[in-house]
Amino acid sequence: MMYSGYKLALFSGASETELEENIDQLRLSCGDPERFEKERNEYNSSDRFRSFAVYENAEDLMRLTAPENRDALNISNDKKYADDTVFLFPGSGIHQKKMLTILSGVSPFFMNRLQQLDEICSEIYDVRLLDEDNEDELADQLRVLASEIAIAEHWERLGCCADHVIGHSMGEYAAAVFSGIISEKSAFFLLKERCLAMCHNDDHCMAAAESSAQKIMSLSSAAGLNTSISAYNAPEIVTVCGTNPDMQILAGVCKNQGIRFSLINGSRGGHYEGLRSCAEEFLQKSRQIKFSKPRKNFISTLDPDGIRYTPDTPEYWYAHIFRPVMFSQAVSKLPVKDIGRVIDAGVSPVLINMVMKTLGNINASWIPTVRSSRNYGRHMLHSAGCAFNSGINISIDKLNCNII
């Protein structure tokens, strides 16, 4: 017997009282209240609400855990999903105030893991990650890195393992740790040196433009401006870099053309050729690091075709500083027919829309770990439910997120 509708009961309410009311209504309408209550108690002795929200009944649990019956589960969820999972790792622009403090409160796992990462990072930089009253640009980038490492590990603890990983700009450092290319300590070290290498005195800034790279560069050239594309985010979304005066002129040109053009960093440029000389010292320091071959399908946003650079070399991370982010091109390398779910491993799902625009309408589940609000725990519970509906066997004993 199927009791449709209560699979995500947990994620539709903020309190146990609301959940109890929701479940009571479902029990009365399911047609077999006694069996409903019996199964609810059998499978939820430790936490009736969370596990009840994920597993419907004994039949579902059997289907979920038997590989030969995977199609039956997909049919019961009213949609056929492919098996591959993609993890996306955003750049430093997703930083939020007190983000690690909030994340630490989600579950004991996050508290313990972030404390471990804080200790590791303390050997690299003197501002503690968890001392979020003490902010600076470098510390905030290190905090984003720590958050994405922990979130990706959280997903794998739940039973949702990545087949493909793609990082955007600084997000490639988290993807590299997660893929086994570098250790956490090496990532903190390289990211610190990267930030220091980019502390230049020229007057560059970056902006997002909703147009093609060809169109933006054509307009820039016609106006006699010296700008470049720092990131190819989607077919009609690019990041542009240039000096402040040139970018102000380009903003006016785009406005006249009806092109949306918005400043995203008014004091610092990134991923442009002018940083090559700044990266030389970084290259020498990066040679101290031990690199390994990736354990996951790490799709490079520096060289998606893997012709010139591979991420297990110092030269990759050197070029990563001054070459553009080829995010849309990297996404295009995904085996589209095999993708069952795309998960954003940041505290703000900025990359999912870019992937959607690049791949179009594919038969996949799009899952942000955290949405727009600060209630990380509630959103993580909802995202776990979405992963279940896409065919993932969520590990209930590890799904212990607090609803704040």
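Our structure is the block above this text.
Heads up: these notes are all about the structure in this document.

Calculation criteria
Residues numbered from 1 in each chain as written. Predicted model: local features only at pLDDT ≥ 70, side-chain atom pairs only at ≥ 80, totals over all residues. Heavy atoms only, no water. Helix = DSSP H or I, 4+ residues; strand = E, 2+ residues; numbered from the N terminus. Buried < 20%, exposed > 50% of the residue type's maximum accessible area, 1.4 Å probe, protein only. Contact = heavy atoms within 4.5 Å. Areas by Shrake-Rupley, 256 points an atom, 1.4 Å probe, with all protein chains shown as cover. Pairing = 2+ DSSP bridges. Axes fitted to C-alpha atoms, helices over the stretch in contact; angles between N-to-C directions. Salt bridge = Lys/Arg side-chain N within 4 Å of Asp/Glu carboxyl O. 1 Å grid on protein atoms, 1.4 Å probe; cavity = no way out; pocket = protein on both sides within 12 Å on 5 of 7 lines; lining within 4 Å. Points joined across faces, edges and corners; volume = space filled by probe spheres on them.

Before going further, it helps to spend a moment on the overall build of the protein. Along its length, the protein carries 17 helices and 9 strands. Classification of the 404 residues of the protein by burial places 55% in the buried group. Partitioning the contacts of the protein with sequence separation of at least 6, the portion at a separation of at least 24 is 74%. As displayed, the protein offers around 17,100 Å² of accessible surface, 48% of which is attributable to carbon and sulfur atoms.

Read from one edge to the other, the open sheet built from 4 strands follows the order 4-5-3-6, with strand pairing classed as antiparallel. Edge positions in the sheet fall to strand 4 (227-234) and strand 6 (261-265), since each has one partner strand and no second. The average undirected angle you get between the axes of adjacent strands in this sheet is 30°. Against the sheet, helix 11 (residues 213-222) contacts strand 3 (204-209), strand 4 and strand 5 (237-243), and its axis sits at roughly 165° relative to strand 4. In this fold helix 16 (residues 352-359) packs onto strand 4 and strand 5, with an angle of close to 80° to the strand it touches most, strand 4.

Let us now look at the pattern of salt bridges. Evaluated as defined, the whole model comprises 17 salt bridges. Glu-135 is the partner of Lys-97 in a salt bridge, and the nearest nitrogen-oxygen pair spans 3.3 Å. Of this pair, Lys-97 sits in the loop between strand 1 (84-89) and helix 6 (99-104) while Glu-135 is found in the loop between helix 7 (108-122) and helix 8 (137-157), placing the two residues 38 residues apart along the sequence. When its relative accessible area of 33% is taken as the criterion, Glu-135 is described as partly exposed. Asp-305 is paired through a salt bridge with Lys-333; the nearest N and O atoms lie 2.5 Å apart. Residue Asp-305 is found in the loop between strand 7 (297-298) and helix 14 (314-322), and its partner Lys-333 is found in the loop between helix 15 (327-331) and strand 8 (339-344); the two are separated by 28 residues along the sequence. Among the charged side chains, a network of salt bridges with common partners joins Lys-192, Glu-193, Glu-281 and Lys-285.

Turning our eyes to something else, we now look at the sheet that holds strand 1. Ordered in space as 7-2-1-8-9, the 5 strands form an open sheet in which the pairing is parallel. In this open sheet, the two edge strands, each paired with only one partner strand, are strand 7 and strand 9 (365-368). Pairing between strand 1 and strand 2 (residues 164-167): 4 bridges, direction parallel. Bridging across to strand 2, Leu-88 finds its partner in Ile-166. Each of strand 1, strand 8 and strand 9 is contacted by helix 16, which is oriented at about 160° to strand 9, the strand it contacts most.

Moving on, we get to the layout of surface pockets. Looking at the largest pocket, its volume works out to about 1,000 Å³. Sorting the residues of the lining of the largest pocket by element identifies helix 8, helix 10 (184-197), strand 3, strand 4, strand 5, strand 6 and helix 16 as the ones contributing at least two each.

To continue, consider the pairing of strand 5. Taking burial as the measure, the 7 residues of strand 5 include 6 buried ones, the bulk of the element. Of the strand pairs in this sheet, strand 3 and strand 5 are connected by 6 bridges, and their pairing is antiparallel. In the sheet register, His-204 faces strand 5, and the bridge partner there is Thr-243. Bridge count for strand 4 against strand 5 is 6 bridges, and the pairing is antiparallel. Across the sheet, residue Ala-234 finds its bridge partner in strand 5, namely Ile-237. The turn joining strand 4 and strand 5, which pair antiparallel and follow one another in sequence, is formed by 2 residues.

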